[in-house]
Amino acid sequence: MRLCGRLLALFLGLGSAAAFAQATPPTPLSPDDVAAAIAAAKAPTPPTPYVLKGASKPVTRNAPLDPEVAKTLDPNKILTFGAVYTPFIRAAILARKAADAGRAFGPADIPAEIQDSLTYVAALPRERTDVTGPDRLVDTIFVIVTPPGSTDRAQIVQPVWVKPDTGQLRNILGPSVPERAMLAAFSPDAIQAGREFVIVYAGSVYAQRVEIRPQDVSAWR
C-alpha cells in the first residue's frame, strides 16, 4: 500500500504519502450487527451491497482536463462507481446464503477474513467511451476519503488496507461482488456525510470525486 500511497500523493501534488492521516484500527463485528443481519436476511428481497453512485466530478493533476475526456462527462448523469459492503451487509449476505442452503447461521459462520468493523469499497474500473476492446476499462489503483474538494494532507484518510482485486471477497460472498474492481477498507469514522471518496485510475492523471451524501450514511447500515 505504501507504493500506491506515493502514487496517490504525487497525483494530488501532496508530497510524501507519510503525511496522510491514518485510519483507526478495526474492531470486531458486534453481536448486535450480526443479529440484525440475520433478521434482515429473512426479508423477501435478498440483501445486496450498497451502490456507490454520483455525478461525474473529475480530478486532474496540475493540468486541464483532457478535452476528449471532458466531452464524455455529463454532470447531470448519475454514474455507478462501485459497491459498498458494511459489516452489516456482509453478514446479511452470508446469512441469506445460509438460509437458502437450509443451514443455520451465527457469528461463528462469518469467515475471519471479513470479521471486522471496516467498510469495504469495491471501486469499479472507469469505462472509456473513446475506445473499444480490452483498453475500454481503466482499473482503479487507489481510493481515499477527503473533505469536499480538499487536498489538505492533514485531512486525507487512507484505507486501512487495499487489495488489487475482489477474488477473496467474491469467494466468500458470491456474485454480489464485482469480478473486476479494486477493494479498499475504511474504518467506520472515515465514512461521514459531506466527505468524498477520491477514486484514482491507472495510467492517467484522471480521477473522480464521489460525494458521501447524508442519505448514503443513513442507508449504509
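Rules behind the numbers
- Residues numbered from 1 in each chain as written.
- Predicted model: local features only at pLDDT ≥ 70, side-chain atom pairs only at ≥ 80, totals over all residues.
- Heavy atoms only, no water.
- Phe/Tyr/Trp six-rings, centres within 6.5 Å; stacked < 30°, edge-to-face > 60°.
- Lys NZ or Arg CZ within 6 Å of the ring centre and 35° of its normal.
- Salt bridge = Lys/Arg side-chain N within 4 Å of Asp/Glu carboxyl O.
- Buried < 20%, exposed > 50% of the residue type's maximum accessible area, 1.4 Å probe, protein only.
- Helix = DSSP H or I, 4+ residues; strand = E, 2+ residues; numbered from the N terminus.
- Pairing = 2+ DSSP bridges.
- Axes fitted to C-alpha atoms, helices over the stretch in contact; angles between N-to-C directions.
- Contact = heavy atoms within 4.5 Å.
- Core = buried A, V, L, I, M, F, W, Y, C linked by side-chain atoms within 4.5 Å.

### A closer look at the packing of aromatic side chains
Thought 1: Per the counting criterion, the structure on display carries two aromatic pairs.
Thought 2: Lying across the ring of tyrosine 120, arginine 90 places its NZ or CZ 3.7 Å from the centre.
Thought 3: It is arginine 126 that lies over the ring of tyrosine 201; its NZ or CZ is 6.0 Å from the centre.

### Quick word on the pattern of salt bridges
Opposite charge on two side chains allows them to pair when their charged atoms are near.
Thought 1: Summed over the entire model, instances satisfying the criterion amount to eight salt bridges.
Thought 2: Here arginine 170 ties to glutamate 179 by a salt bridge, and the two come within 3.9 Å at their closest N and O atoms.
Thought 3: Judged by its relative accessible area of 65%, glutamate 179 is exposed.
Thought 4: Across the pair arginine 209 and glutamate 196 runs a salt bridge, and its minimum N-O distance is 2.9 Å. With arginine 209 in strand β11 (residues 207–211) and glutamate 196 in strand β10 (residues 196–201), the pair connects residues that are 13 residues apart, well separated along the chain. Like arginine 209, the residue glutamate 196 is buried in the burial classification.
Thought 5: Overlapping salt bridges bring together Lys57, Glu196 and Arg209 as one network.

### Some words on the pairing of strand β9 (residues 182–186)
Thought 1: For β9, the tally of buried residues reaches five of five residues, placing the bulk of the element in the interior.
Thought 2: Burial along β9 is two-sided: Met182, Ala184 and Phe186 facing one way and Leu183 and Ala185 facing the other are all buried.
Thought 3: Alignment of strand β4 (residues 119–123) against β9, held across five bridges, turns out to be antiparallel. Each residue of the ladder has a partner; that of alanine 122, found in β9, is leucine 183.
Thought 4: In terms of strand pairing, strand β8 (residues 161–163) meets β9 through three bridges, oriented antiparallel. Within the sheet, the bridge partner assigned to valine 162 lies in β9 and is alanine 184.

### Regarding the sheet that holds β9
Thought 1: Pairing is antiparallel in the open sheet, where five strands are placed in the order β1-β3-β4-β9-β8. Edge positions in the open sheet fall to β1 (50–55) and β8, since each of these has one partner strand only. Sheet twist, expressed as the mean angle between neighbouring strand axes with direction ignored, is 25°.
Thought 2: Against the sheet, helix α4 (residues 87–100) touches β1, β3 (78–85) and β4, its axis set at about 75° to β3.

### Notes on the nonpolar core
Thought 1: Leu52, Tyr85, Tyr120, Leu173, Phe186 and Phe197 are the most contacted members of the largest nonpolar core, which totals 51 residues.
Thought 2: Leave out the neighbours within four places in its chain, and phenylalanine 197 touches Leu52, Val121, Val143, Ile144, Val145, Phe186, Ile191, Gln208, Arg209, Val210, Ile212 and Trp220.
Thought 3: Of all hydrophobic cores here, the second largest spans seven residues; its members include Val59, Phe142, Val200 and Ala207.

### Details of the environment of serine 30
Thought 1: Along the chain, the position of serine 30 falls in the loop between α1 (2–12) and α2 (31–40).
Thought 2: Relative accessible area serves as the criterion here: at 27%, serine 30 is assigned to the partly exposed category.
Thought 3: On a C-alpha basis, the gap between serine 30 and phenylalanine 88 in space is 9.5 Å, while along the polypeptide they are 58 residues apart.

### A short note on the pairing of β11
Thought 1: Counted residue by residue, β11 has four buried out of five residues, so it is predominantly covered.
Thought 2: The sheet contact formed by strand β2 (residues 58–59) and β11 spans two bridges and is antiparallel. Paired with valine 59 across the two strands is alanine 207, which belongs to β11.
Thought 3: Relative to β11, β10 runs antiparallel, the two sharing five bridges. Paired with glutamate 196 across the bridge in β11 is glutamate 211.

### Quick word on the environment of proline 111
Thought 1: The residue proline 111 is located in the loop between α4 and β4 in this model.
Thought 2: C-alpha separation for the pair proline 111 and leucine 94, spaced 17 residues apart in sequence, amounts to 9.6 Å.
Thought 3: Once residues lying within four places of it in the same chain are set aside, the contact partners of proline 111 are Leu94 and Ile172.

The analysis is restricted to geometry; functional conclusions fall outside its scope.
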